[in-house]
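Commentary on secondary and tertiary structure
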Amino acid sequence: MSDTAEHTIIMDEMGIRRALTRIAHEILEKNKGVENCTLIGIRTRGIYLAKRVAERILDIEGVPIPVGEIDITSYRDDRVKVRSVENAQEGGKLQIQDRKIILFDDVLFTGRTVRAAMDALIDLGRPQMIQLAVLVDRGHRELPIRPDYVGKNVPTSKSESIEVMLTEKDEKDEVIIRWLRGKQE
C-alpha cells in the first residue's frame, strides 16, 4: 500500500522575482526608505530571501541595507531548549537595538517559527519594531501573527504542504503545493 504525493507549481522563477521586487517596493514605501532598517532572514531560506530583497533595494534606492541571519532552532517550542544568544546569531553580533527589523521567512503557516524568531531577536536587544515578510502565506495560524509583506497568499488544507526551493540551496527557484492523493495498493 502506498500514498502518492501530487504537486503543482504555484510560483516559478519569474513569479518569485516579481514577488520579491514588490516586497522591496512595499518595504521602501512603508518605511519611507530604509534608514534604520535591518533585514533578518530566518535560517535557512529566509536569509536568501532577505539578501535578494536587499539587492533589489540597492538597485532601486542605491542604498545598501544591513542583512543578518538568525537560527531559531533553540527557540522552537517543539524542541528541547538550549537557549544561547550566541547560537542564534550568524556572522557576528546582529545590531537590532532601536532598529526597524524586517524578518524574512519562506512560508508562514502556524506562526510558531515567527514567534521563535521574535523571541530570539528580543534576546539580542530591543528593536524599534519588527515587521514580517514572507514569500508564501498559507493560513492556518495557531498564534496571532500576521505578515506585513506577502509574496503570495495560498489558501491550503492541512493535508497540503508548501515547498519553497531557492537556487542558493536547491539549484532552482520554485514554489510547489503538495498534497496526498488516495491510497494505492
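This text goes with the structure placed above it.
In short, a report on the structure. (Residues numbered from 1 in each chain as written. Predicted model: local features only at pLDDT ≥ 70, side-chain atom pairs only at ≥ 80, totals over all residues. Heavy atoms only, no water.)

This paragraph deals with the nonpolar core. Ranked by size, the top nonpolar core spans 32 residues in total, and within it V53, F104 and L135 carry the most contacts. Broken down by secondary-structure element, the contributors of at least two residues to this core are α1 (13–31), β2 (37–42), α2 (45–61), β4 (100–108), β5 (129–137), β7 (160–165) and β8 (174–184). Setting aside its immediate chain neighbours within four residues, V53 contacts L20, I23, A24, I27, L39 and F104. By size, the runner-up hydrophobic cluster in this structure holds 20 residues, among which are I42, I72, I101 and L132. (Core = buried A, V, L, I, M, F, W, Y, C linked by side-chain atoms within 4.5 Å. Buried < 20%, exposed > 50% of the residue type's maximum accessible area, 1.4 Å probe, protein only. Helix = DSSP H or I, 4+ residues; strand = E, 2+ residues; numbered from the N terminus. Contact = heavy atoms within 4.5 Å.)

The five strands are arranged β3-β2-β4-β5-β6 in an open sheet whose pairing can be described as parallel. Two strands lie at the open edges of the sheet, namely β3 (67–70) and β6 (149–153), each paired on one side alone. Going from strand to strand, the sheet's axes swing by 25° on average, the running direction of each strand aside. Pairing geometry for β4 and β5, over eight bridges, is parallel. Note that in β5 the partner of I101 across the bridge is I130. (Pairing = 2+ DSSP bridges. Axes fitted to C-alpha atoms, helices over the stretch in contact; angles between N-to-C directions.)

On to the packing of aromatic side chains, then. Under the criterion given, the structure shown has zero aromatic pairs. Between the NZ or CZ atom of K30 and the centre of the ring of Y149, over which it lies, the distance is 5.7 Å. Note that R138 overlies the ring of F109, its terminal NZ or CZ placed 3.9 Å from the centroid. (Phe/Tyr/Trp six-rings, centres within 6.5 Å; stacked < 30°, edge-to-face > 60°. Lys NZ or Arg CZ within 6 Å of the ring centre and 35° of its normal.)

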